[in-house]
Amino acid sequence: MVRASTVGAHLPASGLDIFGDLRKVNKCQLYYQVLNFAMIVSSVLMIWRGLIVLTSSDSPIVVVLSGSMEPAFHRGDLLFLTNFREDPIRAGEIVVFKVEGRDIPVVHRVIKVHEKDNGDIKFLTKGDNNEVDDRGLYKEGQNWLEKKDVVGRARGFLPYVSMVTIIMNDYPKFKYALLAVMGAYVLLKRES
């Protein structure tokens, strides 16, 4: 007759430490996943920095958040921008500008340009779907925009690609849930 207490006595010491080995493997996998995630984040940041240098725009990619530019652009469209200082701003061109006191840039069309003899340019913008020009959006006392206000000029777009961004802005709880699920997936998935 074999007693239960003697069964463990015949196993090698390494056999008793199965859970310790599993903990080590899980720690190693966790470290690997954290490093993998960090590498992905740093790669995205490097690509973003590269786009900033190539396009001369602090925001080379923006999302259209309102319907003020319909039918040209719709909510959720992803715009690609450049901001080369030597290119003159012309009426009819679509620009993304930032106004002092507002955090979110605006995507609208240039409707009037005033160029002075010394080369200074001032311009007025308006959304294609708006009734009036943008003077009501500018800071108080400002009637015209200058080149320094321009974040970039629209050079291309992908329609409706960024609807997820709009949903995340409209429903912040969805954003946090999505980020938590993505983070958990990256950290917990196992390589095959």
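An account of the accompanying structure is given in this report. (Residues numbered from 1 in each chain as written. Predicted model: local features only at pLDDT ≥ 70, side-chain atom pairs only at ≥ 80, totals over all residues. Heavy atoms only, no water.)

Turning next to the overall build of the protein chain. Summing up its helical and strand segments, the protein chain has five helices and seven strands in all. Written out in order from the N terminus, the α and β elements of the protein chain read α-α-α-β-β-β-β-β-β-β-α-α. Taken across its 192 residues, the protein chain has 26% of its residues classed as buried. Taking contacts inside the protein chain between residues at least 6 apart in sequence as the whole, the part at least 24 apart equals 57%. Just so you have it, the protein chain exposes about 13300 Å², and 62% of that area is on carbon and sulfur atoms. (Helix = DSSP H or I, 4+ residues; strand = E, 2+ residues; numbered from the N terminus. Buried < 20%, exposed > 50% of the residue type's maximum accessible area, 1.4 Å probe, protein only. Contact = heavy atoms within 4.5 Å. Areas by Shrake-Rupley, 256 points an atom, 1.4 Å probe, with all protein chains shown as cover.)

What follows is about the pairing of strand β7 (residues 150-158). One ladder, built from five bridges, connects strand β2 (residues 78-82) with β7; its direction is antiparallel. Note on β7: the bridge partner recorded for phenylalanine 80 is glycine 156. Sheet analysis places strand β3 (residues 94-97) next to β7, joined by three bridges and oriented antiparallel. By the bridge assignment for β7, phenylalanine 97 is matched with valine 150. (Pairing = 2+ DSSP bridges.)

Once that is clear, we can look at a nonpolar patch on the surface. A contiguous nonpolar patch, built from Leu30, Val34, Phe37, Val41, Leu45, Leu187 and Leu188 and spanning about 600 Å² of accessible area, is present on the exposed surface. Among the secondary structure elements, those contributing two or more residues to the nonpolar patch are α3 (18-55) and α5 (172-188). No other element matches the five residues that α3 contributes to the nonpolar patch. Here valine 41 lies in helix α3. Assessed through its relative accessible area of 36%, valine 41 is described here as partly exposed. (Patch = residues over 30% accessible without salt bridge, like charges linked within 9 Å, V, L, I, M, F, W, Y side chains within 5 Å. Salt bridge = Lys/Arg side-chain N within 4 Å of Asp/Glu carboxyl O.)

A few words now on the packing of aromatic side chains. Note on aromatic pairs: each is described by the distance of the centres and the angle between the planes. If you walk through the whole model with that rule in mind, you get two aromatic pairs. Aromatic pair phenylalanine 73 and phenylalanine 157: ring centres 5.1 Å apart, planes at 80°, arrangement edge-to-face. Pair noted here: phenylalanine 73 is in the loop between β1 (61-63) and β2 and phenylalanine 157 is in strand β7, with a separation of 84 residues, a long-range link. The exposure class of phenylalanine 157 is partly exposed, given its relative accessible area of 38%. (Phe/Tyr/Trp six-rings, centres within 6.5 Å; stacked < 30°, edge-to-face > 60°.)

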